[in-house]
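# Tertiary structure, described
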Amino acid sequence: MGWDFSERAYRGQRWAARTALASAGLAVLVPLAYGGVGGVLLLVAGAAGLGLSAVAVWWTLTLRGPLRWAAAVVALAVPAAVVALFAATLFWALLASVALWTLAVWSGRYALRGTGSTRVRVMRERKAPPPQRPVLIMNPRSGGGKVVSFALKEKAERLGAHVVLLDPDQHQDVTALARKAVAEGADLLGVAGGDGTQALVAAIAAAYDLPFLVISAGTRNHFAMDLGLDRDDPSSCLDALTDGVELRVDLGYAGDRPFVNNASFGAYAAIVQSPSYRDDKIGTSLELLPDLLSRQQGPRLTARAAGTTLDAPHAVLVSNNPYRTDDPFGFGRRDRLDAAVLGVLAIRVDSAADAAALILDPAPRGLTILTAPHVVIEADRAEIEAGIDGEALVLPAPVHCRIIPGALRVRVPRKRPGVPQRGPRLDWRRLRKLAATVGRTAVHRRGPFV
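Residues numbered from 1 in each chain as written. Predicted model: local features only at pLDDT ≥ 70, side-chain atom pairs only at ≥ 80, totals over all residues. Heavy atoms only, no water.

### Structural notes on the overall build of the chain
Secondary structure summary: the chain contains 12 helices and 17 strands in total. Overall, the C-alpha framework of the chain stretches about 75 × 75 × 45 Å when taken along its three principal axes. By sequence separation, contacts in the chain at least 24 residues apart represent 74% of the contacts at least 6 residues apart. Total accessible area on the chain stands at roughly 22,800 Å², and carbon and sulfur atoms take up 59% of it. Of the charged side chains in the chain, 52 are positive and 40 negative, and the gap between their average positions amounts to 10 Å. (Helix = DSSP H or I, 4+ residues; strand = E, 2+ residues; numbered from the N terminus. Contact = heavy atoms within 4.5 Å. Areas by Shrake-Rupley, 256 points an atom, 1.4 Å probe, with all protein chains shown as cover. Lys, Arg positive; Asp, Glu negative; His and termini not counted. Charge placed at Lys NZ, Arg CZ, Asp CG, Glu CD.)

Structure, rendered in structure tokens:
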């Protein structure tokens, strides 16, 4: 009976692969057949429009005055014109093509599910007794006042935690507060605040091998998201105090500064240094980007990682474990926080042609994505501007970025939303093999990872 069920499942996967290939082919052929030579020309016009839009965006970011506004108009008008042209000439064929492509993607992912094409190891949970003397540091201003609106202080105290409420009117050293809590006998440290504050306290928890509690009371809560916590209700994170498990995750460092998410160098890091950035992000960026992208301001960087030297990138992002870059529905997420490697994403765009290549070239020369346990950022000056988990800093050059595997014991609620798993990557070669097979030879057995 088990064999029959398995055989039916493999048969379903084979037919799903055939459906995916047929649908993908029809998605291309339908508009071409409907429009004839005009359909081919429209596809060429669409690609040219994408390239022109990228060039116009580059000019918008690098020019000033009337030319900038003219480029901005082009950047908006060209995509709108291309969409209108397609809608007017290939309306029904275009709708059919989109529907067929959607079917192709769904069928392809269904066919590849369970064939070993996606191997994501789930972070291991460990049972741990509840803390007896938890200390939580809370920033009442973080996330627009979530500490107050969700009554986090009162709920935490009812669960037996000691809460240190930061004073919004004066700067306080959260690292010193965390060290003091440890000295007074805390057996768990937690933070309700932004990721930058989370990282500072996390480093103290890691240094003393204490559990660390993340409360998603920041603005974006990227660390909480990749831990699978509920970002809509930060009070649910407090369930970990009474019904929790532990995850061993990695901790990144840029020099001696810890980060739970990422460290950014280059154009963005220089922009966030501006005092006006917090109140006027778009205006400040448009004011500074022309000089930064043309290299009239800012350091000239060199990044070295995994035997690769990146010369003069405009921006380098070093992350605590790599981000998804091949999944549009999960872009900006990390599948794991315990892979013991840094993610590196670097961009160099020196001209309008390079900007167009980022859109049209499947493997653009100006984009580098890799992983490494160590990354060195060098500069042509003594100091480098950096954005560490959203905090603007200036670090002495060179900056040595490293990752400490399993440094942090994160205590999370046993019941939590979890991290959405990515679907299988569409591997057309594997789909062709799966569609052509008669038996089960093209399908790999399911491995121990999901």
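### Here we look at the sheet that holds strand β11 (residues 315–320)
The strand order β13-β12-β11-β8-β15-β16 describes an open sheet built from six strands, whose pairing is antiparallel. In the strand order of this sheet, the two ends are held by β13 (367–372) and β16 (391–396), each with one partner. The average undirected angle you get between the axes of adjacent strands in this sheet is 20°. Examined bridge by bridge, strand β8 (residues 262–266) and strand β15 (residues 383–388) share three bridges and lie antiparallel to one another. The residue bridging phenylalanine 265 from the neighbouring strand is alanine 386, located in β15. (Pairing = 2+ DSSP bridges. Axes fitted to C-alpha atoms, helices over the stretch in contact; angles between N-to-C directions.)

### Digging into the pattern of salt bridges
Applying the stated criterion across every chain yields a total of 18 salt bridges. Two residues, lysine 153 and glutamate 157, come together in a salt bridge whose shortest N-O distance is 2.8 Å. A residue pair is termed a helical-turn pair when its members lie 3 or 4 positions apart in one helix, as lysine 153 and glutamate 157 do in helix α5 (residues 152–158) at four residues. (Salt bridge = Lys/Arg side-chain N within 4 Å of Asp/Glu carboxyl O.)

### Points about the pairing of strand β5 (residues 211–215)
Along a regular strand, successive side chains alternate from one face of the sheet to the other. Of all five residues that make up β5, five are buried, and the element is covered over most of its length. Burial along β5 is two-sided: Pro211, Leu213 and Ile215 and Phe212 and Val214, pointing in opposite directions, are all buried. Remark: the strand β4 (residues 188–192)/helix α7 (residues 195–207)/β5 crossover connection has right-handed handedness. Bridge analysis of β5 against strand β17 (residues 399–413) gives three bridges, and the strand direction is parallel. The partner of leucine 213 across the bridge, within β17, is arginine 411. (Buried < 20%, exposed > 50% of the residue type's maximum accessible area, 1.4 Å probe, protein only. Right-handed = clockwise from strand over helix to strand, strands pointing away.)

### With respect to the side chain of glutamine 198
Looking at the secondary structure, you find glutamine 198 in helix α7. Residue glutamine 198 is classed as buried on the basis of its relative accessible area, which comes to 1%. Of the polar contacts made by the side chain of glutamine 198, one reaches the backbone oxygen of valine 191; its length is 3.2 Å. Aside from chain neighbours lying at most four places away, what touches glutamine 198 is Val191, Gly193, Phe212, Leu213, Val214 and Ile215. (Polar contact = N/O pair within 3.5 Å; in protein donor to acceptor, adjacent residues only side chain to side chain.)

### Some points on the environment of arginine 430
Position of arginine 430 among the secondary structure elements: in helix α12 (residues 428–436). With a relative accessible area of 22%, arginine 430 lands in the partly exposed category. Residues arginine 430 and leucine 112, spaced 318 residues apart in sequence, show a C-alpha to C-alpha distance of 8.1 Å.

### Some words on the environment of arginine 179
Within the secondary structure, arginine 179 is located in helix α6 (residues 174–183). Overall, the relative accessible area of 42% leaves arginine 179 in the partly exposed class. It is 39 Å that separates the C-alpha atoms of arginine 179 and threonine 309, two residues lying 130 residues apart in sequence. Each residue touching arginine 179, except ones within four places of it in the same chain, is listed here: Ile204 and Tyr208.

### Brief notes about unusual backbone geometry
For the bond from alanine 397 to proline 398, the omega torsion is -5°, close enough to zero to count as cis. Mapped onto the elements, proline 398 comes out in the loop between β16 and β17. Backbone geometry places asparagine 221, a non-glycine residue, at a positive phi of 60°. On the secondary structure map, asparagine 221 appears in the loop between β5 and α8 (222–226). Take asparagine 221: its relative accessible area is 5%, and that puts it in the buried class.

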